[in-house]
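Now for the letters of each chain:
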Amino acid sequence: MTESTPVTRRVRHILLIALAMSLLGCSATTSTVAEPRSSAWNPLGWPAKGVGWVGSHAADSGWLIARDVGRVLTSTALLAETPALLVEGVVTVNGSTVVGGLESAVAGCGTVITSLWNVPFFWIPGRDIDLARDVELVNDALEYLESHPIETWRFDPDDDRTFIFPHGTRARATANGHLIFTIPGHGEVLQVAESNALWHGLQSLFGTNFPAQERSWGFIVRTAPQWYSRNARWRASTILHELYHQHAQMREWLLGWNPIYWPAYMGTFMFTGWNEHWAEMRGAHSAGVVDRGLRAWLFGR
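Rules behind the numbers
Residues numbered from 1 in each chain as written. Predicted model: local features only at pLDDT ≥ 70, side-chain atom pairs only at ≥ 80, totals over all residues. Heavy atoms only, no water. Helix = DSSP H or I, 4+ residues; strand = E, 2+ residues; numbered from the N terminus. Contact = heavy atoms within 4.5 Å. Areas by Shrake-Rupley, 256 points an atom, 1.4 Å probe, with all protein chains shown as cover. Polar contact = N/O pair within 3.5 Å; in protein donor to acceptor, adjacent residues only side chain to side chain. Buried < 20%, exposed > 50% of the residue type's maximum accessible area, 1.4 Å probe, protein only. Phe/Tyr/Trp six-rings, centres within 6.5 Å; stacked < 30°, edge-to-face > 60°. Lys NZ or Arg CZ within 6 Å of the ring centre and 35° of its normal. Core = buried A, V, L, I, M, F, W, Y, C linked by side-chain atoms within 4.5 Å. pLDDT = per-residue confidence, 0-100.

A. Expanded view of the overall build of the protein. Broken down by element type, the protein carries 10 helices and six strands. Put simply, 70% of the contacts in the protein that link residues at least 6 apart link residues at least 24 apart. Surface exposure of the protein reaches about 12700 Å², of which carbon and sulfur atoms provide 66%.

As structure tokens, this is what we get:
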């Protein structure tokens, strides 16, 4: 995103965006298996795995209502794993499995609530964006980030991260043009991008130009032609920037409770702008480390 001036225009814009995003259920859950899961032999977990399988395929389908229902099913599957994990943890005397059950309960509740809220607005997004065309560059960028020392991307004294994405994180394309990221220690995360007419219209109205905005299932862009007209390396960098919002901030840090994320984001953005914002370019959890780490890569260096 790019910062808007003057301040009064930015404040009006952010307030309206905040209202629009709340109406759009902007924090719907992503289709992902980067979640606590019970063992295959545990029958208590079989229904959850079946629901999750159906949900993952629906969320990857690209069909308007199917993808939103699929997100509801995957979040339901996460919540449904709770009793299986808790029982399994007690029976096997495995504390980490019990903790996983508690995590699935917390994250499941948050993602179920927000994904259900999003379904009535399934008709607002436009067509899916083809992210698959940039999968090779995305993986090249991930390799680049892994090959450079922490000092090249860390810029906040309170930032104690030792990596941006776990080393070995790689993307593969789905048949529908989406990306699935295999993240070591986390699992697989589906990333979808959609054009959004309301997002485009609001920016045209207020004279701003934020090219992408994160969602917990991926991100939205203004229009498909605008996205495709961008430099391919810029697109790949943006894909990873939005993945950091989606997975590291929304899912891992806040455990899927995006009703906390968006008020915190919008409530502070109007005062800080993009360059000083905790989720973007400042602080120990900012996604701006992706931009900083890929600065030279963007220009082929």
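B. Region of interest: the environment of Gln203. Of note, Gln203 is situated in helix H6 (residues 197-206). Sequence-wise, Gln203 and Arg222 are 19 residues apart; in three dimensions their C-alpha atoms are separated by 8.5 Å. In this structure the side chain of Gln203 is engaged in a polar contact, spanning 2.3 Å, whose partner is the backbone nitrogen of Phe210.

C. Broad picture of unusual backbone geometry. Although it is not a glycine, Val93 sits at a positive phi angle of roughly 55°. Topologically, Val93 is positioned in the loop between helix H3 (64-91) and helix H4 (95-118). You will see that Leu255, though not glycine, has its phi angle at about 55°, which is positive. Within the fold, Leu255 resides in the loop between helix H8 (232-253) and helix H9 (258-272).

D. View of the side chain of Thr238. Looking at the element boundaries, Thr238 is found in helix H8. Here Thr238 falls in the buried class, since its relative accessible area comes to 10%. Beyond its immediate chain neighbours, meaning those up to four positions away, Thr238 contacts Ala212 and Trp227.

E. Quick peek at the packing of aromatic side chains. Tallying each qualifying case throughout the model produces 11 aromatic pairs. Here Trp199 and Phe210 contribute two aromatic rings whose centre-to-centre distance is 6.2 Å and whose plane-to-plane angle is 40°, an arrangement assigned as tilted. You can see Trp199 sitting in helix H6 and its partner Phe210 sitting in the loop between H6 and strand S5 (212-215), a full 11 residues away along the chain. For the residue pair Trp199 and Phe210, the accessibility class agrees, reading buried in each case. Arranged with centres 5.5 Å apart and planes meeting at 50°, the rings of Phe219 and Trp227 form a pair that is tilted. Accessibility classification places Phe219 together with Trp227 in one group, the buried group. Pairwise contacts between aromatic rings join Trp199, Phe210, Trp253, Tyr261, Trp262, Tyr265, Phe269 and Trp278 into one cluster. Its end group placed over the ring of Trp234, Arg230 keeps NZ or CZ at 4.5 Å from the ring centre.

F. Structural context of the nonpolar core. One finds Val138, Phe165, Phe181 and Leu240 to be the most contacted residues of the largest nonpolar core, which totals 32 residues. For this core, the secondary-structure elements that each account for two or more residues are helix H5 (135-146), strand S3 (179-183), strand S4 (187-196), strand S6 (218-221), helix H7 (224-229), H8 and helix H10 (288-293). Counting residues per element, this core draws most heavily on H5, which supplies six residues. Aside from chain neighbours lying at most four places away, what touches Val138 is Ala171, Leu179, Phe181, Ala236, Ile239 and Leu240. Counting residues in hydrophobic clusters, the runner-up holds 18 residues, among them Ala59, Ile180, Trp217 and Ile220.

G. Just the confidence of the model for the protein, in detail. For the protein, the mean per-residue pLDDT works out to 85, and 88% of the residues sit at or above 70. Confidence, read as mean pLDDT per element, is least for helix H1 (residues 7-23) in the protein (46) and greatest for strand S2 (residues 170-173) (98). Below a pLDDT of 50 lies the segment residues 14-33, which in the model reaches 67 contacts outside its immediate sequence neighbourhood of four places, other chains included.

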